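Here is how the chains run, residue by residue.
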Amino acid sequence: MAEEREPPPLSAASHTGSTEPEDGEDLFVSAVMEASPASPEDVSTSSNGPKPEQIFLDEDPDDLFAEATEEVSLDSPERQPILSDGPSPAITPVTPTVMIAPRLDVGVFDRSPDEDEDEEEGRDTFDMQISVSDPEKVGDGMNAYMVYKVTTKTSLSIFNRDEVSVKRRFSDFLGLHSKLASKYLHIGYIVPPAPEKSIVGMTKVKVGKEDLSSVEFVEKRRSALERYLMRTVKHPALLKDPDVLQFLESSELPRAVSTQALSGAGILRMVNKAADAVNKMTIKMNESDAWFEEKQQQFENLDVQLRKLHASVESLVCHRKELSVNTASFAKSAAMLGNSEDHTALSRALSQLAEVEEKIDQLHQDQVYADFYLFSELLGDYVRLLTAVKGVFDQRMKTWGKWQDAQMMLQRKREAEAKLQYANKPDKLQQAKDEIKEWEGKVQQGERDFEQISKNIRREVGRFEKDRVKDFKVVIVKYLESLVHTQQQLIKYWEAFLPEAKAIA
Amino acid sequence: MEGSSAEAALSVSANSIRITDLTQDGDVLTFAITSQKLNGSAGVCVFRTYEDFEWLQQSLFSQENVPGLQGIIFPPLPPKALPTQLNMQTKAFKQLGFLALGQGWQSYCKALEFYLQQVATHPTLCKCKALESFLINTESPGKQRGRKGIFNRLSQAVEEMRKESHKDVDNFFQNERNRNTSIAALSKVATEKLLDVVMTEQKLALACGHFSTSLHLCVNQDDADAVAFSKVCLKLSDIIEAVKRNYEKVASNNLTTLGLGLDLESRYQEAEKEMLFRRTCKLVELETVKKSTEKAKANKREVMEAFQKAVEKEFNLISSVAKQEIEHFHSSRVNVLKNFLIDWCEQQLNTAKECAELYSQHLEACRNMYSE
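Once a new chain begins, its residue numbering starts again from 1 and follows that chain's sequence as written. Labels are handed out in written order, letters beginning with A for the chains and numbers beginning with 1 for the ligands. pLDDT decides what is reported in this predicted model: residues at 70 or higher carry local features, side-chain atom pairs at 80 or more are listed and counted, and totals for whole chains, interfaces and linings draw on all residues regardless. Processing note: side-chain calculations cover all non-hydrogen atoms of the structure and skip hydrogens and water entirely.

S.K.: Even after reading the chapter, I still don't get the overall build of chain A, so can you show me in this structure?
M.R.: Counting its regular elements, chain A contains 14 helices and three strands. For chain A, buried positions account for 53% of its 505 residues. We call two residues in contact whenever any of their non-hydrogen atoms come within 4.5 Å of each other. Contacts in chain A between residues far apart in sequence, at least 24 positions, make up 80% of those at least 6 positions apart. For chain A, the accessible surface area stands at approximately 23,700 Å², while carbon and sulfur atoms represent 55% of it. The numbering of helices and of strands both runs from the N terminus, where a helix is a DSSP run of H or I of at least 4 residues and a strand a run of E of at least 2. Buried residues are those whose accessible area, probed at 1.4 Å on protein chains only, stays under 20% of the maximum for their type, while exposed residues exceed 50% and partly exposed ones sit between those limits. Only the protein chains shown count as cover for residues, and all accessible areas are computed by the Shrake-Rupley method using a 1.4 Å probe.

S.K.: I'm lost on the packing of aromatic side chains in this one. Help?
M.R.: In this description, an aromatic ring pair is defined by two values, namely the gap between the centres and the angle between the planes. Put simply, two rings from Phe, Tyr or Trp (the six-membered ring, in Trp's case) pair if the centres are within 6.5 Å, and we call them stacked under 30 degrees between planes, edge-to-face over 60, tilted for the rest. In this structure the tally under the stated criterion is 23 aromatic pairs over all chains. With a centroid separation of 4.6 Å and an interplanar angle of 65°, the aromatic rings of A:Phe375 and A:Tyr479 are classed as edge-to-face. Note that A:Phe375 is positioned in helix α13 (residues 344-423) and A:Tyr479 in helix α14 (residues 426-502), a separation of 104 residues in sequence. Judged by its relative accessible area of 2%, A:Phe375 is buried. A:Tyr479 sits in the buried class, given a relative accessible area of 1%. For the pair B:Phe53 and B:Tyr115, a centre-to-centre distance of 6.4 Å together with 50° between the ring planes defines the contact as tilted.

S.K.: Even after reading the chapter, I still don't get empty space enclosed by the protein, so can you show me in this structure?
M.R.: Empty space among the atoms becomes apparent when a probe as large as a water molecule is rolled across them. With a 1 Å grid spanning the protein atoms alone, the term cavity applies to any set of points in which a 1.4 Å probe fits but cannot get out, the term pocket to an open set with protein on both sides within 12 Å along at least five of seven lines, and the term lining residue to any residue with an atom within 4 Å of a point. Grid points are joined across faces, edges and corners, and a volume is the space filled by probe spheres set on the points. One pass over the structure, following the stated rule, counts 10 cavities of 30 Å³ or more. Of the volumes computed, that of the largest cavity is approximately 330 Å³. Along the walls of the largest cavity sit 25 residues, with A:Ile360, A:His364, A:Leu490, B:Tyr247 and B:Val250 positioned nearest its centre. Put simply, the parts of the chain that give the lining of the largest cavity at least two residues each are α12 (290-340), α13 and α14 of chain A together with α7 (171-216), α8 (224-295) and α9 (298-370) of chain B.

S.K.: Could you clarify how one ought to interpret the side chain of B:Lys235 in this entry?
M.R.: Residue and element names in this part refer to chain B. Mapped onto the secondary structure, Lys235 falls in helix α8. His is not counted, nor are the chain ends, whereas Lys and Arg count as positive and Asp and Glu as negative. Take a side-chain nitrogen of Lys or Arg and a carboxyl oxygen of Asp or Glu: if they are within 4 Å of each other, that pair is a salt bridge. Within the buried set, Lys235 has no salt-bridge partner at all; the shortest N-O distance to an opposite charge, 5.1 Å, is to Asp238. In this structure, Lys235 is in contact with His362, Ala365, Cys366, Met369 and Tyr370, ignoring residues within four places of it in sequence.

S.K.: Help me out: how do you make sense of the interface of chain B and chain A in this one?
M.R.: Taken together, the contact between chain B and chain A spans 62 residues of the former and 56 residues of the latter. Once two parts are joined, some of their accessible surface, as seen by a 1.4 Å probe, is lost; buried area is that loss totalled over both. Between chain B and chain A lies a buried interface of about 5,500 Å² when both sides are counted; carbon and sulfur atoms form 76% of it. Linking chain B with chain A are seven salt bridges. With a closest N to O distance of 2.7 Å, B:Arg333 and A:Glu341 form a salt bridge. What qualifies as a polar contact is a pair of N or O atoms within 3.5 Å, subject to a donor-acceptor requirement within protein and to the restriction that residues adjacent in sequence count only when both atoms come from side chains. For the pair chain B and chain A, the number of links is 13 residue pairs in polar contact (both at pLDDT 80 or more). Classes in brief: Ala, Val, Leu, Ile, Met, Phe, Trp, Tyr, Cys and Pro nonpolar; Asp, Glu, Lys and Arg charged; the others, Gly included, polar. Along the lines of polarity and charge, the residues of the side of chain B that touches chain A split into 37 nonpolar, 11 polar and 14 charged.

S.K.: Where do I start with the environment of B:Lys80 in this structure?
M.R.: Residues and elements named next belong to chain B. On the secondary structure map, Lys80 appears in the loop between α1 (50-61) and α2 (83-87). Classification of Lys80 by relative accessible area gives partly exposed; the value is 40%. Residues Lys80 and Leu22, 58 residues apart in the sequence, show an inter-C-alpha distance of 14 Å. At a separation of 2.9 Å, a polar atom in the side chain of Lys80 contacts the side chain of Glu51.

S.K.: What is the right way to look at the nonpolar core in this model?
M.R.: The tendency in soluble globular proteins is for nonpolar side chains to be buried side by side. Side-chain atoms within 4.5 Å link the members of a nonpolar core, which is a set of buried Ala, Val, Leu, Ile, Met, Phe, Trp, Tyr and Cys residues. In terms of nonpolar packing, the biggest core is built from 133 residues, with A:Leu229, A:Leu248, A:Leu306, A:Leu353, A:Trp494 and B:Leu341 touching the most fellow members. Among the elements that make up this core, the one with the highest residue count is α13(A) (25 residues). Those residues in contact with A:Leu306 that sit more than four places away from it in its chain are A:Leu379, A:Tyr382, A:Val383, A:Leu386 and A:Phe472. In terms of nonpolar packing, the next biggest core, distinct from the first, is built from 38 residues, B:Ala14, B:Tyr50, B:Val119 and B:Leu125 among them.

S.K.: Help me understand unusual backbone geometry, please; the structure alone is not making it clear to me.
M.R.: Residues apart from glycine generally show negative phi values, whereas peptide bonds are mostly found in trans. Phi at A:Asp134 is positive, roughly 50°, even though this residue is not glycine. By secondary structure assignment, the location of A:Asp134 is in strand β1 (residues 128-138). Given a relative accessible area of 43%, A:Asp134 falls into the partly exposed group. Residue B:Asn65 is not a glycine yet carries a positive backbone phi of 60°. When you line up the elements, B:Asn65 lands in the loop between α1 and α2. Judged by its relative accessible area of 79%, B:Asn65 falls in the exposed class.

S.K.: Before we go on, may I ask you to explain the environment of A:Gln362 in this structure?
M.R.: Residues and elements named next belong to chain A. Its place among the elements puts Gln362 in helix α13. When its relative accessible area of 41% is taken as the criterion, Gln362 is described as partly exposed. For the pair formed by Gln362 and Ser324, sequence separation is 38 residues and the distance between their alpha carbons is 7.5 Å.

S.K.: Can you help me understand the state of the cysteines in this one?
M.R.: Each disulfide consists of a covalent bond between the sulfur atoms of two cysteine residues. In this description, a disulfide is simply a cysteine sulfur pair whose atoms lie within 2.5 Å. The final tally for this structure, using the stated rule, is zero disulfides over all chains. Free cysteine B:Cys355: the closest other cysteine sulfur is in B:Cys208, separated by 11 Å.

S.K.: Got a minute to help me understand the sheet that holds strand β2 (residues 28-36) of chain B in this structure?
M.R.: The strands making up a sheet associate through hydrogen bonds between their backbones, and the pairing can be parallel or antiparallel. Residues and elements named next belong to chain B. The rule for pairing is simple: two strands pair if DSSP sees at least two bridges between them. Sheet architecture is open: three strands sit in the order β1-β2-β3, paired in antiparallel fashion. Strands with a single pairing partner mark the edges of an open sheet, and in this sheet they are β1 (18-25) and β3 (43-49). Mean inter-strand twist for the sheet, computed between neighbouring axes without regard to direction, equals 20°. Where β2 lies against β3, seven bridges are found, and the strand directions are antiparallel. Opposite Gln36, over in β3, you have Gly43 as the bridge partner. For helices, the fitted line uses only the C-alpha atoms of the stretch in contact; every axis is such a line through C-alpha atoms, and the angle between N-to-C directions lies from 0 to 180 degrees. In this fold helix α5 (residues 129-136) packs onto β2 and β3, with an angle of close to 100° to the strand it touches most, β3.

S.K.: Explain helix α7 (residues 199-207) of chain A here, please?
M.R.: Note: α-helices contain 3.6 residues per turn, so residues at a spacing of three or four share the same orientation. The complete set of buried residues in α7(A) reads A:Ile199, A:Gly201, A:Met202, A:Val205 and A:Lys206. Seen from one end, α7(A) has its buried residues packed into an arc of 165°, which puts them on one side. This arc describes the spread of directions from the helix axis toward the C-beta atoms.

S.K.: What is the right way to look at the pattern of salt bridges in this model?
M.R.: Pairing is possible between side chains of opposite charge, provided their charged atoms come close. Residue and element names in this part refer to chain A. One pass over the full model with this rule turns up 46 salt bridges over all chains. With its nearest N and O atoms 3.9 Å apart, the salt bridge here joins Lys167 to Glu136. Taken together, the residues span a long stretch of sequence, with Lys167 in strand β3 (residues 163-169) and Glu136 in strand β1 at a distance of 31 residues. Its relative accessible area of 45% is what places Lys167 among the partly exposed residues. In this structure, Asp381 engages Arg231 in a salt bridge whose closest nitrogen and oxygen atoms are separated by 3.1 Å. Taken as a pair, Asp381 in helix α13 and Arg231 in helix α8 (residues 212-234) lie far apart in primary sequence, 150 residues in all. Its relative accessible area of 10% is what places Asp381 among the buried residues.

S.K.: Which parts of the structure should I look at to understand the environment of A:Val392?
M.R.: Residues and elements named next belong to chain A. On the secondary structure map, Val392 appears in helix α13. A relative accessible area of 1% means that Val392 is categorised as buried. Between the C-alpha atoms of Val392 and Leu185, which are 207 residues apart in sequence, the distance is 6.2 Å. Setting aside its immediate chain neighbours within four residues, Val392 contacts Leu185, Gly188, Tyr189, Ile190, Ile453 and Ile457.

Function cannot be read off these values alone, since they describe shape.
Here's what the structure looks like:
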């Protein structure tokens, strides 16, 4: 897991301007430093971070101090993608230094994004269904954790079987996201963010509280994990990523411990966060392409709008819950009234009234469920997705920065060489010339990277916009279906009650 | 029970009494009350304020020469409403309960109307001159509150507790008192709970409105994708708007039918309670007098016995009036509740059908639009 952050073939492939897998593979082989032909399973053997961790908790104990609120809000501090172990992302090596998993279909990495785009045309026949189900508690006390069954049903050929089920825990999902982010974020792919941690929610589950809120929490998380996986595989490049395939197919998965805050990787993350913040402030990009500026502004606006919508829906859900409570309460009082009533027919009618109200209460509860899972979670997902989108824009800025830095370095090296020309130190001169060559290469690479990321972002944003529209449409149709269903139920209840009312006296 | 109706009965038809309009001048509300003359088709229209209603009620309480007046279950007058109460969701508004909600004071007027109709159809009360002058006279009956009625319940707080549970001599009445106590309490609770439901429905409608408006604000024409997203948002906005209107209608239905019905039932049970209490007080008085008479010295005895006889006669009159009132009340309240329940069910059913139709149309439209 440690050494596979870079997908060099992608940038390399664009370097040749061609998309022939053969070239890519050659480049590949020359890039290999660790030549161990390990089986796919072993590749992601975690290095467990620089320090052996002493903490075996599933969730970050550190967060107990940082986040005292009920649920991690949309503005969670853990907003930054958790990148996998490895060299600090602030000093991204441009040259390929890592080995990619030598799977049989390793060629997929060589495919340029343009090919993937063609694939997208055929995406309407995207035949894949992932479900996350059967949450099970494993262990007790504070060491307990939930395990979820992930079932993938598909007819796509990159999968070994039509249907496969594996068991995964929450940190596995975080680990997957971490790997994907470290591989793809810096070339401009929008990697869907994983669901958020929740100390309070998880602690309740561990402690064994079987109350409604912990059941709701587990259900909320299960649903979020499912949506996360579906979003991930809908991305054409991510779908073919070996980590994703391994996650979905292999029965054993090494534990992703670097997702914990106090591990070595966790501390590295905190350091990087600070470094990134500083970088952001100091990089002043000369934007040559108005498209990017406009898009960034649009996404800022969208973020504000979505948050407002999310708040509106939360308020709606809250009121509906209140309505359900009040309806149940009224039903009880009507039942009591019916019991005390002497007049037989009136008494029966009142009891029926109470029953109708109880059924209506159940409808309210179902509607709460629909409101929440259809809208509230969708809007929440998109607010978080937007953060990932902003992330790629930031990455582009960083890439530009690196390119500029390389240019400055090259300038300096040239100046140094010029000086050495007059100093008559042949060996140093040679070194200087070598360095110039090196930095010229880096400048070219920097420019290529920048162009590539810009191109990728444009494509990703287009895909994001289309997906957004699609997602919302799907949700609206589902919501309407639930509304129609509710109304039809109501009609049945009222039609059943009417003769009872008419039969009084 | 009542004497021959030598006194003029009401000259208008009880069922034609309507409150047709309401005007507001500062804090003062004026109601327009119309009714049809019994002879001929002439209509009468008068204007009254709440004080006038109170005057009417007091006049009914303080009638003289009506045997067994205290045994009558007086139709309950809805409490006074302040214009400010009706527009705010304040605590004061809760006191007015159901009658405060609803658009344009609809329920409140209906309740006042019902009150007048109940008075006008009561065999004894309809003969009260005050009712005639209330309904017919152009001039307002005046603000006189001279004669205090027979009701001072509020000032009997402590004694009330003791007397209320005084054991009855008659099984019929004891049973009725028990039944009344339990139903009065339960119907009051049910009314309050329904009020909570209606208020929550209104809050929900409001929240839908906010959501719908927020969706409108997401419109953005920058590029093709933004336009597509805007369309989706607008569609959703329309749907949520429909949800909002549905909740408003459901709340309004609850209010104007079941709500009104339960509120009326609750207040009528209170009115019966007051009547039963009056009778119980008379009973206590009678028993006290009996005891005093037994202990009385010979010279006072005759006077005491005469007094006792008078009280006994009064008590028996009250009891017989009360019995009739109770029987009438039992059958009429069932009818009233039945009508309200039927109304409620029919209105909710209609609303549900309309709404289902609307949602289905939206669903159809969306499915067609979105199938690519």
